[in-house]
Amino acid sequence: MDVKKALLKRVAVWTVLGVVGGGVAADMLWRQKGAQEQTNLRAQQTQELQRLEAQVKELTDQLAAERLRREALERSLSEGRK
């Protein structure tokens, strides 16, 4: 009878240790995976931001060129009326 109790106690202790150890290991893996995903997301956001900055610069340059053309046209029209 004492052997059975001792065996059951060992099984219970090892089961608890296994569950706790498995939980800790799973938590570590989950945190590590989360950190990797954050790093990847930051890299993607940086690339997207650079792409959008280039697009804004291009549109700003196009707008400035269009403004110059419009001003030149207005000047030539106003000189033609004189």
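Residues numbered from 1 in each chain as written. Predicted model: local features only at pLDDT ≥ 70, side-chain atom pairs only at ≥ 80, totals over all residues. Heavy atoms only, no water.

**Focus: the overall build of the protein chain**
For step 1, the next point in the chain: Within the protein chain, the secondary structure is distributed over 1 helix and 0 strands.
For step 2, the next point in the chain: Relative to the globule expectation of 12 Å for 82 residues, the C-alpha radius of gyration of the protein chain, 35 Å, shows a markedly less compact shape.
For step 3, the next point in the chain: Dimensions of the protein chain, computed from C-alpha atoms along their principal axes, come out at roughly 120 × 15 × 5 Å.
For step 4, the next point in the chain: Taking all 82 residues of the protein chain together, 0% fall into the buried category.
For step 5, the next point in the chain: For the protein chain, the computed accessible surface area is about 8000 Å², with 62% contributed by carbon and sulfur atoms.
For step 6, the next point in the chain: Looking at the protein chain, you have 15 positive and 11 negative side-chain charges, and the mean spots of the two groups are 11 Å apart. (Helix = DSSP H or I, 4+ residues; strand = E, 2+ residues; numbered from the N terminus. Rg over C-alpha atoms; globule rule 2.2 N^0.38 Å. Buried < 20%, exposed > 50% of the residue type's maximum accessible area, 1.4 Å probe, protein only. Areas by Shrake-Rupley, 256 points an atom, 1.4 Å probe, with all protein chains shown as cover. Lys, Arg positive; Asp, Glu negative; His and termini not counted. Charge placed at Lys NZ, Arg CZ, Asp CG, Glu CD.)

**A few points about the environment of A54**
For step 1, the next point in the chain: Among the secondary structure elements, A54 is positioned in helix α1 (residues 2-81).
For step 2, the next point in the chain: Through-space distance from the C-alpha of A54 to that of R70 is 24 Å; in sequence the pair is 16 residues apart.

In short, the description is geometric, and any link to function would need to be established separately.
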